Amino acid sequence: MHKFGNGNPNVMMIGHNRMFYNGLLGNSYRPRELGSFTIYVAPVGTFKLSYDGKTWHERTIAAVPAYTSHMLSAEADLITTVCIEPETVSERQLRELERQVNTTRGGELIVKSVREAKSWLQSTRDNNAFTTEDFDALFLNGPLEGRKLDDRIARTLSQFRTKDNDVNLSAESCALSNDLSMSRFLHLFKEQTGLRFRSYRMWKRARKFLDHANRHCNLTYLALDLGYPDSTHFSHSIRRIYGLKPRSLLEGSRSMEIFTGQGYQGPDR
């Protein structure tokens, strides 16, 4: 991977297992609930984090576990975000990373690493085909320990990475393809990943929406393409996860540079 100087403040790296975003925060007082293990870093100064809308914590960096509702308020309405898909990292490693980020010494080291990486990325013209190892070295100073999975669940997660199937897989079809009953599959999925299948699929659909962040899109058609039953359901789901309406996300990301990871299939451009 190359490292670069200052430039466009709106930049995103997105791969199957990791994502980096630097750009507009949006509505500071609307809850959001990302499906990733999320590390927030203040681009400058500090930001405020609340889990209940009443008590606010001023931070330079904070780690928020996956599927945890929270609110943010940041200077200049900008935030730097590192997203890690929890099913790809061991539970022990996620606990250790959360502890490291949320302690003064460990947090300071990652703030320095993320801010340096952000500066390098903001003027690059081509940083596609990055690997998970590249990403972890760039932002986290080293690799994260992977999660060991049952072959059947690993196969299901792999199906979510294909362009044609990733947003429309049903629990029924996944159970059938693994020769499992529905209840057994759902139990095994939760046991292995720590995630509920329905929540996982909802997050993957919303995450796929970010592929279109710097494109001009018909939101109704896009909602159907992503597997939502209608535009109302689409808008509600996106607002619940990101704290912003789909149109607001698109309008705030028009000039964003997007780089994709190795093997990641974004929309045709």
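Residues numbered from 1 in each chain as written. Predicted model: local features only at pLDDT ≥ 70, side-chain atom pairs only at ≥ 80, totals over all residues. Heavy atoms only, no water.

### Some thoughts on the overall build of the chain
Phase 1 of the analysis: The secondary structure content of the chain amounts to ten helices and nine strands.
Phase 2 of the analysis: Along the longest, intermediate and shortest principal axes, the C-alpha atoms of the chain span 50 × 40 × 40 Å.
Phase 3 of the analysis: Counting across all 269 residues of the chain, residues that qualify as buried make up 51%.
Phase 4 of the analysis: Contacts in the chain between residues far apart in sequence, at least 24 positions, make up 75% of those at least 6 positions apart.
Phase 5 of the analysis: Accessible area of the chain: about 12800 Å², with a carbon and sulfur share of 47%.
Phase 6 of the analysis: Each charge class in the chain was averaged separately, 37 positive and 30 negative side chains, and the resulting centres sit 3 Å apart. (Helix = DSSP H or I, 4+ residues; strand = E, 2+ residues; numbered from the N terminus. Buried < 20%, exposed > 50% of the residue type's maximum accessible area, 1.4 Å probe, protein only. Contact = heavy atoms within 4.5 Å. Areas by Shrake-Rupley, 256 points an atom, 1.4 Å probe, with all protein chains shown as cover. Lys, Arg positive; Asp, Glu negative; His and termini not counted. Charge placed at Lys NZ, Arg CZ, Asp CG, Glu CD.)

### A short note on the confidence of the model for the chain
Phase 1 of the analysis: Across the chain, the average pLDDT comes to 88, with 91% of residues at or above 70.
Phase 2 of the analysis: Low pLDDT (under 50) marks residues 1-7, which in the prediction has 25 contacts with non-local residues, meaning those over four places away or in another chain. (pLDDT = per-residue confidence, 0-100.)

### Some thoughts on helix 2 (residues 104-121)
Phase 1 of the analysis: Compared with an ideal rise of 1.5 Å per residue, which puts 18 residues at 26 Å, helix 2 spans 26 Å between its outermost C-alpha atoms and is within 8% of the ideal.
Phase 2 of the analysis: Along helix 2, the residues that are buried comprise Gly106, Gly107, Ile110, Val111, Ser113, Val114, Ala117, Lys118 and Leu121. (Expected span 1.5 Å × (residues − 1).)

### Side note on the packing of helix 2 against helix 3 (residues 132-140)
Phase 1 of the analysis: At their nearest, the axes of helix 2 and helix 3 sit 7 Å apart, and the two run at 115° to each other. Contacts between helix 2 and helix 3 involve Ile110, Ser113, Val114, Ala117, Trp120 and Leu121 from the former and Leu138, Phe139 and Leu140 from the latter.
Phase 2 of the analysis: The residue makeup of the contact of helix 2 with helix 3, split by class, is eight nonpolar, one polar and no charged. (Axes fitted to C-alpha atoms, helices over the stretch in contact; angles between N-to-C directions. Nonpolar A, V, L, I, M, F, W, Y, C, P; charged D, E, K, R; others polar.)

### Examining the side chain of serine 90
Phase 1 of the analysis: Position of serine 90 among the secondary structure elements: in the loop between strand 8 (78-84) and helix 1 (91-101).
Phase 2 of the analysis: A relative accessible area of 9% means that serine 90 is categorised as buried.
Phase 3 of the analysis: Within the structure, serine 90 has its side chain in polar contact with the backbone nitrogen of glutamine 93 (distance 3.1 Å).
Phase 4 of the analysis: In contact with serine 90, not counting residues within four places along its chain, are Glu145, Gly146 and Arg147. (Polar contact = N/O pair within 3.5 Å; in protein donor to acceptor, adjacent residues only side chain to side chain.)

### With respect to the layout of surface pockets
Empty space among the atoms becomes apparent when a probe as large as a water molecule is rolled across them.
Phase 1 of the analysis: Its boundaries defined by the atoms lining it, the second largest pocket holds a volume of some 230 Å³.
Phase 2 of the analysis: Around the second largest pocket, the lining is made up of 15 residues, and of these Ala66, Tyr67, Pro86, Gly194 and Leu195 lie nearest the centre.
Phase 3 of the analysis: Residue assignment for the lining of the second largest pocket shows that the elements contributing at least two residues are helix 1 and helix 6 (182-193).
Phase 4 of the analysis: At three residues, helix 1 tops the list of elements feeding residues into the lining of the second largest pocket. (1 Å grid on protein atoms, 1.4 Å probe; cavity = no way out; pocket = protein on both sides within 12 Å on 5 of 7 lines; lining within 4 Å. Points joined across faces, edges and corners; volume = space filled by probe spheres on them.)

### Remarks on empty space enclosed by the protein
Phase 1 of the analysis: Applying the stated criterion across every chain yields a total of two cavities of 30 Å³ or more.
Phase 2 of the analysis: The computed volume of the largest cavity comes to approximately 250 Å³.
Phase 3 of the analysis: Along the walls of the largest cavity sit 18 residues, with Tyr21, Arg32, Thr81, Tyr242 and Leu249 positioned nearest its centre.
Phase 4 of the analysis: Of all the secondary-structure elements, those providing two or more residues to the lining of the largest cavity are strand 2 (18-24) and strand 8.

### Digging into the sheet that holds strand 7 (residues 71-74)
Phase 1 of the analysis: With respect to topology, three strands assemble into an open sheet ordered 5-4-7, the strand pairing being antiparallel. Two strands lie at the open edges of the sheet, namely strand 5 (57-59) and strand 7, each paired on one side alone. Direction aside, the axes of adjacent strands within the sheet are offset by 25° on average.
Phase 2 of the analysis: With four bridges joining them, strand 4 (residues 47-50) and strand 7 adopt antiparallel strand pairing. Residue pairing in the sheet places lysine 48 in a bridge with serine 73 of strand 7. (Pairing = 2+ DSSP bridges.)

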